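Chain by chain, the residues:
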Amino acid sequence: MSKVIAVNYTPEQTASVVSGYTNGMSVEILAAEMGKSVRSIIAKLSREGVYKAKVYVTKAGLPAVPKDTHADAIGSILNLSEPEVTSLTKCNKSVLVKIFAALANSKPIEG
């Protein structure tokens, strides 16, 4: 017996989804038109190599930087141990940004 494989997207559907997406259609509209879930459309576009994930930005329009990155940078400047850096990640992100900015702009103390 040969096993029948169910196809989620026909070649025509695949071409339609890829064409629509590359021409600016949103995945939500494509999903509604195809009768598929948004996640299914995203997965198909990813497999086809055309999906571009949304880039998360701050309110100021800058790329979002995770708290861990700020804590690691502060830890590097201050030669902190791994447990000390881990404890920094529990701090509020805005505080970490302020600490990093202060350290980056500070002058070494002359002894």
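Caption draft 1: View of the pattern of salt bridges. In total, this model carries one salt bridge according to the counting rule given. A salt bridge links Lys44 to Glu48; the shortest N-O distance between them is 3.4 Å. Given a relative accessible area of 37%, Glu48 falls into the partly exposed group.

Caption draft 2: Structural context of the environment of Thr89. Counting through the fold element by element, Thr89 comes out in the loop between helix H5 (82-88) and helix H6 (93-105). The spatial distance from the C-alpha of Thr89 to the C-alpha of Gly24 is 39 Å, given a sequence separation of 65 residues. Every residue in contact with Thr89, bar those within four places of it in the chain, is listed here: Lys67, Asp68 and Ala71.

Caption draft 3: Quick look at helix H1 (residues 11-22). The end-to-end C-alpha distance of H1 is 16 Å, a good match for the 16 Å that 12 residues give at a rise of 1.5 Å each. Listed in full, the buried residues belonging to H1 are Thr14, Val17, Gly20 and Tyr21. Projected onto a plane normal to the axis of H1, the buried residues spread over an arc of 140° and lie on a single side. In H1, the exposed residues that point more than 90 degrees away from the buried face are Pro11, Glu12 and Thr22.

Caption draft 4: Local environment of the packing of aromatic side chains. On inspection of all chains with the given rule, the structure shows one aromatic pair. Its guanidinium or amino end placed over the ring of Tyr9, Lys36 lies 4.5 Å from that ring's centre, counting from NZ or CZ.

Definitions and limits used
- Residues numbered from 1 in each chain as written.
- Predicted model: local features only at pLDDT ≥ 70, side-chain atom pairs only at ≥ 80, totals over all residues.
- Heavy atoms only, no water.
- Salt bridge = Lys/Arg side-chain N within 4 Å of Asp/Glu carboxyl O.
- Buried < 20%, exposed > 50% of the residue type's maximum accessible area, 1.4 Å probe, protein only.
- Helix = DSSP H or I, 4+ residues; strand = E, 2+ residues; numbered from the N terminus.
- Contact = heavy atoms within 4.5 Å.
- Expected span 1.5 Å × (residues − 1).
- Arc of directions from axis to C-beta.
- Phe/Tyr/Trp six-rings, centres within 6.5 Å; stacked < 30°, edge-to-face > 60°.
- Lys NZ or Arg CZ within 6 Å of the ring centre and 35° of its normal.

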